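Chain residues, written in single-letter form:
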Amino acid sequence: MTAAALIPVSQAHAEDRSDDGLSISGDVRIRYELLEGQYRPSLPPNDDALTIQTAIAADYRTGPWHFSAELVDARGYWIDAPGAAGTTEVNALELSRASIGYRDGPVEVTAGRLHLNLGSRRLSARNAFRNTINSFTGLRLDWHGDAGDTLTAFYTLPHTRLPSDRASLVNNRVRWDRESFDLTFWGTHYSRPDLFAGITLQANVFGLNERDGANGPTRNRKLLTAGARLHRSPEPDQWDIDFEGAVQTGTVRQSTAANAPLQDVRAFFAHAEIGYSVDLPGKPRISVLFDIASGDDPRSANFTRFDTLFGARRWEFGPSGIFGPLARTNIISPGLRLEATPGSRWDVMALWRPAWAHNRRDRFGNSSLVDASGTSGRFAGHMIEARIGHWLIEDTLRLEAGTALLTSGALLDAAPNAPGFGDTRYAYGQMTVSF
């Protein structure tokens, strides 16, 4: 499933609508997740969660003006025992989007609370599978060229999701998210479609500035991330491609201590994917993919772990939620994916990804497993996923179910803080109602 296909139907309608007048859309998604064989340290061997996300969006356009608002209520249940659920699952009753936009010819300016879906969504995304959503407060400028190219520039304050303490999360306590100049996210993104042979060129420069303050002690990240992407969308009987890479520079403190020395940042990530869509019933597409993101060597004077900023990962690295072991940091992972639509309302996908740590002395992916000595090796295991979705009522009622297996490789077995529960098995089922 492509990144674009993961965007909720109601949200896609809200973003695409250009006619004057008021439009109201929404989604209610109910998901149950079950995990056995926990791979994270200090957590019980089994975990489950029931999450409910309700999103209601209102957009009003009149002439050059655009007013928008979106209320997102993300709640979690059955998470009272120690488990993996946290602020990525719970953020009750939050005004996630509230903005005013004005367009004059090719230029549109938007101010207020925003979502930032940019390019491939690997570095900045409105989350689709995750129960909570990245939101920002600030300014955004969009320029639309005659050739279909677009340039986006923005300066924002990322929201810190609240509450963050366990007791408040368990009780789905309502608390307004916080934004401040202690954390800023800014940058530009350019896209030029059909540059040649149906290939789209994208380029971006993103900045992240962090300091101690309302969010407590931090590592004072000052990151500059520059990247580019070449992309061609899938078409019947054609090859498609997706090549993207980014380098990251700046400084970061060695720890959150105020007197900790600064380290220079030297990090990178790259993604490569080649796919082919067969012009047959079911529209099967097979793709080969490869991801690499640098990890940090504690023996080095530089900090070399890649920071994926506000990117999404589900469509490439498997379900997130209470699973999500693979991430766009300290990883080397090839993969093979098969997608098909056996009926007009059906879609299926299967994915296989073996995974290694890029640096054997750094924590692996999203697991918190680390062996500073490096003697546990790099191989983490195989991640195998299968998913099936069906629209009972097209664009209105969707059912989806999936399962994933993470085999326990040498790193997951032998790391000093490995929990020792063996292979991790995960499954989820969900229902989404859109209007």
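Just so you know, these numbers come straight off a predicted model, no measurement behind them. (Residues numbered from 1 in each chain as written. Predicted model: local features only at pLDDT ≥ 70, side-chain atom pairs only at ≥ 80, totals over all residues. Heavy atoms only, no water.)

K.L.:
Would you mind going over the overall build of the protein in detail, with residue names and values included?
P.N.:
Looking only at helices and strands, one finds four helices and 18 strands in the protein. Relative to a compact globule of 435 residues, whose C-alpha radius of gyration would be 22 Å, the protein shows 21 Å and is just as compact. In terms of principal-axis extent, the alpha carbons of the protein reach across some 65 × 55 × 50 Å. Counting all 435 residues of the protein, 51% fall into the buried class. In the protein, once contacts between residues fewer than 6 apart in sequence are set aside, the share between residues at least 24 apart is 63%. Counting only carbon and sulfur atoms, one obtains 61% of the accessible surface of the protein, whose full area is about 18200 Å². With 45 positive and 50 negative side-chain charges, the protein shows a spacing of 5 Å between the two charge centroids. (Helix = DSSP H or I, 4+ residues; strand = E, 2+ residues; numbered from the N terminus. Rg over C-alpha atoms; globule rule 2.2 N^0.38 Å. Buried < 20%, exposed > 50% of the residue type's maximum accessible area, 1.4 Å probe, protein only. Contact = heavy atoms within 4.5 Å. Areas by Shrake-Rupley, 256 points an atom, 1.4 Å probe, with all protein chains shown as cover. Lys, Arg positive; Asp, Glu negative; His and termini not counted. Charge placed at Lys NZ, Arg CZ, Asp CG, Glu CD.)

K.L.:
An account of the pairing of strand 3 (residues 65–77) is needed here, citing residue identities and associated values.
P.N.:
Bridging between strand 2 (residues 46–62) and strand 3 involves 13 bridges; their strand directions are antiparallel. Bridged to A55 within strand 3 is V72. In this structure, the hairpin formed by strand 2 and strand 3 is closed by a connection of two residues, where G63 is found at a positive phi of approximately 60°. Bridge count for strand 3 against strand 4 (residues 91–104) is nine bridges, and the pairing is antiparallel. Pairing of W65 across the sheet is with Y102, part of strand 4. (Pairing = 2+ DSSP bridges.)

K.L.:
Account for the side chain of R122, with residues named and values stated.
P.N.:
Tracing the backbone through its elements, the reader meets R122 in the loop between strand 5 (107–114) and strand 6 (136–144). Engagement of the side chain of R122 in a polar contact is seen with the side chain of E244, the distance being 2.6 Å. Here R122 is in contact with R229, D242, E244, F269, H271, T308, G311, A312, W315, E316 and R328, once residues within four sequence places are set aside. (Polar contact = N/O pair within 3.5 Å; in protein donor to acceptor, adjacent residues only side chain to side chain.)

K.L.:
Which residues make up the pattern of salt bridges, and what values do they have?
P.N.:
Scanning the entire structure with this criterion turns up 29 salt bridges. For the salt bridge of R305 with D362, the shortest nitrogen-to-oxygen distance reads 2.7 Å. Taken together, the positions of R305 in the loop between strand 13 (285–293) and helix 3 (314–317) and D362 in the loop between strand 15 (346–356) and strand 16 (379–393) put the pair 57 residues apart, joining distant regions of the chain. Residues R305 and D362 agree in their burial class; the two are buried. Here D347 makes a salt bridge to R387, at a shortest N to O gap of 2.5 Å. Here the residue D347 occupies a position in strand 15, and R387 occupies one in strand 16, the gap between them amounting to 40 residues. (Salt bridge = Lys/Arg side-chain N within 4 Å of Asp/Glu carboxyl O.)

K.L.:
Hey, could you go over a nonpolar patch on the surface for me, with residue numbers and the actual values?
P.N.:
A contiguous nonpolar patch, built from L22, I24, I56, Y60, W65, F67, I100, Y102 and F435 and spanning about 890 Å² of accessible area, is present on the exposed surface. Elements with a minimum of two residues in the nonpolar patch: strand 1 (21–36), strand 2, strand 3 and strand 4. Inspection of the secondary structure puts L22 in strand 1. With relative accessibility at 54%, the residue L22 sits in the exposed group. (Patch = residues over 30% accessible without salt bridge, like charges linked within 9 Å, V, L, I, M, F, W, Y side chains within 5 Å.)

K.L.:
Provide a residue-level description of the packing of aromatic side chains, including the pertinent values.
P.N.:
By the definition in use, this model includes 16 aromatic pairs. Considering the side-chain rings of Y32 and W78, the 5.8 Å spacing of their centres and the 75° angle between planes classify their relative orientation as edge-to-face. In this pair, Y32 sits in strand 1 while W78 sits in the loop between strand 3 and strand 4, placing the two residues 46 residues apart along the sequence. Overall, the relative accessible area of 31% leaves Y32 in the partly exposed class. A relative accessible area of 51% means that W78 is categorised as exposed. Here Y426 and Y428 contribute two aromatic rings whose centre-to-centre distance is 6.1 Å and whose plane-to-plane angle is 35°, an arrangement assigned as tilted. (Phe/Tyr/Trp six-rings, centres within 6.5 Å; stacked < 30°, edge-to-face > 60°.)

K.L.:
Summarise the environment of A350; cite the residues concerned and give the values.
P.N.:
Residue placement: A350 occurs in strand 15. Between the C-alpha atom of A350 and that of I286, which follows or precedes it by 64 residues, the distance is 9.7 Å. Filtering out sequence-adjacent residues up to four positions away, A350 remains in contact with L336, R337, L338, E385 and A386.

K.L.:
So what about the side chain of T304? Which residues, and what values?
P.N.:
Position of T304 among the secondary structure elements: in the loop between strand 13 and helix 3. Taking relative accessible area as the criterion, T304 reaches 16% and is therefore assigned buried. A polar side-chain atom of T304 sits 2.7 Å from the main-chain carbonyl oxygen of G295. Setting aside anything within four residues of it in sequence, one finds T304 in contact with R266, A267, S294, G295, D296 and D297.

K.L.:
Got a sec to walk through the pairing of strand 17 (residues 397–406)? Specific residues and values, please.
P.N.:
Taken together, the ten bridges between strand 16 and strand 17 define a ladder with antiparallel strand orientation. By the bridge assignment, R387 is partnered in strand 17 with G402. Looking at chain direction, strand 17 and strand 18 (residues 424–434) are connected through ten bridges and run antiparallel. In the strand pairing of strand 18, L405 is matched with R425.

K.L.:
So what about the environment of L35? Which residues, and what values?
P.N.:
Mapped onto the elements, L35 comes out in strand 1. Apart from residues lying up to four places away in sequence, L35 is in contact with R40, P45, N46, D47, I322, F323, T424, R425 and Y426.

K.L.:
So, unusual backbone geometry: which residues are in play, and what are the values?
P.N.:
The peptide bond linking L162 to P163 adopts the cis configuration, its omega dihedral lying at 0°. With respect to the secondary-structure elements, P163 resides in the loop between strand 7 (150–158) and helix 2 (166–170). One non-glycine residue with positive phi stands out, namely S368, at about 70°. Residue placement: S368 occurs in the loop between strand 15 and strand 16. Overall, S368 belongs to the partly exposed group, its relative accessible area being 43%.

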